[in-house]
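Below are the chains, spelled out letter by letter.
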Amino acid sequence: MVNTLDKTFLEKSSWKPDLFKGKVGFVTGGAGTICRVQVEALVLLGCKVAIIGRDQEKTERVAKEISSLVDNPDAVLPISKVDVREVKQLESAVKRTVDRYGRIDYVIAGAAGNFICDFNHLSANAFKSVVSIDLLGSFNTAKATMPELIKSRGSILFVSATFHYYGVPFQSHVGAAKAGIDALSNALAVEMGPFGVRSNCIAPGAIQGTEGFDRLIGDASKKKTTSKIPLQRLGTTEDIAQATVYLFSPAASYVSGTIQIVDGAMWHIGTHFAHELYPDLLFKDPKAKL
C-alpha cells in the first residue's frame, strides 16, 4: 500500500501547515489501513510519530513510506514486535519514543481485530482474543502512555465502532469490546481531565479500501451498501484522518469525553449485517476467524 495522502492535503484541507510542529504522536496499529492515514495527516502537519505494530517488515516499510511525505527519514519511528496485550512491551515502546523524540503529545489506540460470527459459533477463545486486543490493548496503551500525556497535557484517541449502539448481529464480540472502550475513554476524560489530558473516541463507519471493510462486507455490492448510507457514499480513510486532526487540534481544546462518529449517519438506519446477513446466516456455519 502506498500513501493515501500527499502534500496536496495541506492545500485542500482546513488546517494550517505546521499545526502539529514540535508535537509527538504514539499510534498502536499505526501500519493498519485506517491508523496509517491518521499518521500520514499528523506527519504532514508537522508531527513526529511512533507507529507500534507486531510485524517488523510491515511496520518499518510503512514508517519509511510515510516519512517520505515530508522528506525526513526521522519523521516516523517504527517500533515492531509489540503485542498490545502486554503492557510491559508498550511501556518499552513509550521509552523508545521518548528517548528519540523527547515527549508524547497525542496517542491513538488503534490496534484491533474483528470478523463475522454469530454467538452460537463464537468460541470463548475467539471472544477473548477480540476483547484482549481491542479493550485490554486500549487500556494498556493508555496506561503506558499516560505519564507522558500528563507531562504534555496531551490527548488520547481510541478507535471505536458503532456496533454496540443497538443489537448488531454477528458482532457481539467486537460490540462488547468497543462498548468497554467507550466507557474507558469516558472515565479517563473525567479522571485525567484535572491533569489536563483529554480523552475521546472516534467511531468509523463503512470505510472503503480498508482491511475491515473488505473482511466484513465481503461479496456484498458496494452500490447496495452505499444506498443504505444517508450521505450516499462510502467513507474514506481521509474522512477519519480529518476528524482525527480536529480532535487533536486546538479547535477541540474543550472537547473531551465524546465519541466522534464518522459514518455518514449510517448507524441510525442499521448495518450491513442486519440488512443482508440476518437471519439467514444464523442457520449456516460461518467460516469466520481472526
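Above: the structure in question.
Calculation criteria
Every chain begins its residue count from 1, and numbering advances along the sequence as written. Given that this is a predicted model, residues contribute local features only at a pLDDT of at least 70 and side-chain atom pairs are listed and counted only at 80 or more, while totals for whole chains, interfaces and linings are drawn from all residues. With hydrogens and water stripped out, all remaining heavy atoms of the structure feed into the side-chain values. The axes are straight lines fitted to the C-alpha atoms, using for helices just the contacting stretch, and the angles between their N-to-C directions are given from 0 to 180°. The helix and strand labels rest on DSSP assignments: H or I over at least four residues marks a helix, E over at least two residues marks a strand, and numbering proceeds from the N terminus. Any angle from 65 to 115 degrees is called roughly perpendicular, while one under 35 is roughly parallel, one over 145 is roughly antiparallel, and all others are oblique. Helix crossings get a hand from a simple test, with the near helix turned counterclockwise from the far one by less than a right angle marking a left-handed crossing and a clockwise turn marking a right-handed one. Here a residue-residue contact requires only that any non-hydrogen atoms of the pair lie within 4.5 Å. Side-chain classes are defined by residue name, with Ala, Val, Leu, Ile, Met, Phe, Trp, Tyr, Cys and Pro counting as nonpolar, Asp, Glu, Lys and Arg as charged, and the others, Gly among them, as polar. Burial status follows relative accessibility: with a 1.4 Å probe on protein chains alone, a residue under 20% of its type maximum counts as buried, one over 50% as exposed, and anything between as partly exposed. Paired strands, in this sense, are two strands between which DSSP finds at least two bridges. By definition, the crossover connecting two strands over a helix is right-handed if that path, from the first strand to the second, turns clockwise as seen with the strands pointing away from the viewer. Salt bridge, as used here: a side-chain nitrogen of Lys or Arg that lies within 4 Å of a carboxyl oxygen of Asp or Glu.

Caption draft 1: Up close: the packing of helix 5 (residues 124-152) against helix 6 (residues 172-192). One way to put it is that helix 5 packs onto helix 6 with a least axis distance of 8 Å and a crossing angle of 15°. Our classification of the angle between helix 5 and helix 6 gives roughly parallel. Judged by the twist between their axes, the crossing of helix 5 over helix 6 is right-handed. Contacts between helix 5 and helix 6 involve Phe 127, Val 130, Val 131, Asp 134, Leu 135, Ser 138, Phe 139, Ala 142, Met 146 and Ile 150 on the former and, on the latter, Ser 172, His 173, Val 174, Ala 176, Ala 177, Lys 178, Gly 180, Ile 181, Leu 184, Leu 188 and Met 192. Residue composition of the contact of helix 5 with helix 6, grouped by class: 15 nonpolar, four polar and two charged.

Caption draft 2: Broad picture of the pairing of strand 2 (residues 48-52). Counting buried positions over the five residues of strand 2 gives four, a clear majority of the element. In this sheet, strand 2 lies alongside strand 1 (residues 24-28) in parallel orientation, the contact comprising five bridges. Its bridge partner being in strand 2, Gly 25 is matched across the sheet by Val 49. Here strand 2 pairs with strand 3 (residues 76-79) via four bridges, running parallel. Note on strand 3: the bridge partner recorded for Ile 51 is Pro 78. Where the polypeptide runs from strand 2 across helix 3 (residues 56-67) and back to strand 3, its parallel neighbour, the crossover connection is right-handed.

Caption draft 3: Inspection of unusual backbone geometry at higher detail. Tyr 278 connects to Pro 279 through a cis peptide bond whose omega is 0°. With respect to the secondary-structure elements, Pro 279 resides in the segment after helix 10 (272-277). Despite not being glycine, Arg 153 shows a phi value in the positive range, around 55°. Assignment of secondary structure puts Arg 153 in the loop between helix 5 and strand 5 (155-159). Phi at Phe 170 takes a positive value of approximately 70°, unusual for a residue other than glycine. Tracing the sequence through the fold places Phe 170 in the loop between strand 5 and helix 6. According to the relative accessible area criterion, Phe 170 is buried, its value standing at 4%.

Caption draft 4: Fine view of the pattern of salt bridges. The full count for this structure, using the stated rule, is 18 salt bridges. The salt bridge partner of Glu 238 is Lys 12, with a shortest N-O separation of 3.8 Å. One end of the pair, Glu 238, is in helix 9 (residues 237-248); the other, Lys 12, is in helix 1 (residues 8-12), and 226 residues separate them in sequence. For Lys 12, a relative accessible area of 57% gives the class exposed. Here the residues in one salt-bridge network are Arg 36, Glu 40, Glu 57, Arg 61 and Glu 65, joined through shared partners.

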